[in-house]
Amino acid sequence: MSQEPTYAISYGKMHVPVYRVYAQPLAGIQPIPESLFTSRSNTLWAFEVDVEVFGQNFLPAYTEGDNSAVVATDSMKNFVLREALDYTGSTLEDFLYVLGQHFLDTYEQMERLQLTARELPFSLVPVPQRGYASFTESGILFRRTHDDYAVAELSFERSERGPVVTFQRSGRVGLELLKVTGSSFTRFVQDEYTTLPERVDRPLFVYLDVHWKYAHHEDFVGRDLARYVAAEQVRDVVQVVFHEFVSESIQHLVHEIGLRLFQRYPQICELSFAAQNRTRDQISVSESDEKIRVYSDPFSAYGLIKLTLQREVRMTEEV
Ligand SMILES: O=c1[nH]c(=O)c2[nH]c(=O)[nH]c2[nH]1
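Residues numbered from 1 in each chain as written. Predicted model: local features only at pLDDT ≥ 70, side-chain atom pairs only at ≥ 80, totals over all residues. Heavy atoms only, no water.

Caption draft 1: Representation of the UniProt feature "binding site: urate" (unreviewed entry) in the protein. Residues given the UniProt feature "binding site: urate" (unreviewed entry) here are Thr 73, Asp 74, Phe 185, Arg 202, Gln 251 and Asn 277. Spatial dispersion of the annotated residues is evident: they stretch over 205 residues in sequence, and the largest pairwise C-alpha distance comes to 51.1 Å. With relative accessibility at 40%, the residue Asp 74 sits in the partly exposed group. A polar side-chain atom of Asp 74 sits 3.1 Å from a polar atom in the side chain of Lys 77. For Phe 185, a relative accessible area of 24% corresponds to the partly exposed category. Ignoring anything within four residues of it in the chain, the contact list for Phe 185 reads Leu 196, Glu 198, Arg 199, Arg 202, Glu 248 and Ser 249. (UniProt positions renumbered as here; feature names shortened; annotations may be inferred. Buried < 20%, exposed > 50% of the residue type's maximum accessible area, 1.4 Å probe, protein only. Polar contact = N/O pair within 3.5 Å; in protein donor to acceptor, adjacent residues only side chain to side chain. Contact = heavy atoms within 4.5 Å.)

Listed below in structure tokens is the structure:
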């Protein structure tokens with residue numbers, strides 16, 4: 001006799017685009033030496049949200065075609081958009097925190113919930129000031145940039161005290177950074193498979209995703225943003241360390257970036273990096289000046305270097 005299957009169920013809505021205008025400005029974050037970033041107007045605050053809902057209560061929809069407990073994913077999309085209008089805060093993490101609680105408070109058949117937000121980056125356009133003597137940022141016209149962007153992920157489940165966060169991760173993803181000099185890769189294993197030449201100075205091109213976890217939820221929700229980690233600052237720390245540090249490898253580089261981020265943000269307990277090696281192949285070197293070179297696309301496979309750093313963070317630690 002065949003056994004009954006066991007089921008793992010989830011469903012939801014992916015890529016709900018949200019363009020909220022005149023959201024609460026992001027202010028009150030701590031400045032850091034690597035970054036000019038201290039605030040964001042949120043005049044245009046654009047992102048997309050994924051909603052994934054878990055619960056055995058939805059099983060009859062699969063096994064019997066009984067939709068009586070099913071919240072239509074179209075309604076989930078409307079819920080997200082309504083919440084975006086009502087939201088009074090200024091960060092992706094806090095928005096997801098409020099959204100997740102409201103979902104679970106509204107729909108008792110939802111047992112667990114996973115929410116993801118990805119920023120849709122826009123930047124203010126520079127325009128001449130009156131009289132055209134100098135330039136300033138237009139406060140109203142934005143350019144869509146297909147650049148690196150912030151992400152946030154939160155998971156919730158129910159407890160006797162109401163919805164609780166079971167997972168949190170923030171990130172800055174899609175960085176693409178090329179440093180023309182000041183990176184090497186030498187003294188690696190040499191054997192019958194080795195064709196890569198040692199390079200004491202290579203133009204290192206990396207695609208990089210950085211994620212971090214807070215030790216305490218209090219630091220990423222609510223209005224007091226003194227312990228909030230702005231993804232723009234994290235991007236700037238990555239850039240500054242890459243600029244300054246002469247690395248022996250991407251492994252060496254991401255470790256150095258990790259140490260600097262831990263130093264800047266005592267409230268972070270985990271950092272993870274996924275770095276793709278996108279370094280181009282050297283094609284030719286100028287005979288008159290060996291600094292002048294041409295590079296082109298390499299073999300299409302690329303190296304992937306990952307690192308996760310964890311530490312214990314005590315609640316009393318000073319910023
Ligand atoms: O920084 C690097 N790390 C590696 O592990 C590696 N492997 C490789 O072929 N090139 C590089 N570069």
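Caption draft 2: Layout of the site of the ligand. The local shell around the ligand consists of Phe 185, Leu 196, Arg 202, Ser 249, Ile 250, Gln 251 and Asn 277. Between the ligand and Arg 202 there is a distance of 2.7 Å, counted from an oxygen atom to a side-chain nitrogen or oxygen. The backbone of Ile 250 places a nitrogen or oxygen atom 2.7 Å from an oxygen atom of the ligand. Protein contacts shield 70% of the accessible area of the ligand, which totals 300 Å² for the unbound molecule. Residues of the shell around the ligand, tallied by class, amount to three nonpolar, three polar and one charged. (Near = heavy atom within 4 Å. Areas by Shrake-Rupley, 256 points an atom, 1.4 Å probe, with all protein chains shown as cover. Nonpolar A, V, L, I, M, F, W, Y, C, P; charged D, E, K, R; others polar.)

Caption draft 3: Up close: the packing of helix 4 (residues 231-244) against helix 5 (residues 250-264). Helix 5 packs onto helix 4 with a crossing angle of 130° between their chain directions and a minimal axis gap of 9 Å. Looking at the two axes, helix 4 sits oblique to helix 5. As helix 4 runs across helix 5, the sense of the crossing is right-handed. Here Val 234, Val 237, Val 238, Val 240, Val 241, Phe 242 and Glu 244 of helix 4 come into contact with helix 5, specifically with Leu 253, Glu 256, Ile 257, Arg 260 and Leu 261. Tallied by class, the residues present in the contact of helix 4 with helix 5 amount to nine nonpolar, no polar and three charged. (Axes fitted to C-alpha atoms, helices over the stretch in contact; angles between N-to-C directions. Helix = DSSP H or I, 4+ residues; strand = E, 2+ residues; numbered from the N terminus. Parallel < 35°, antiparallel > 145°, perpendicular 65-115°, else oblique. Left-handed = near helix turned anticlockwise from the far one by under 90°.)

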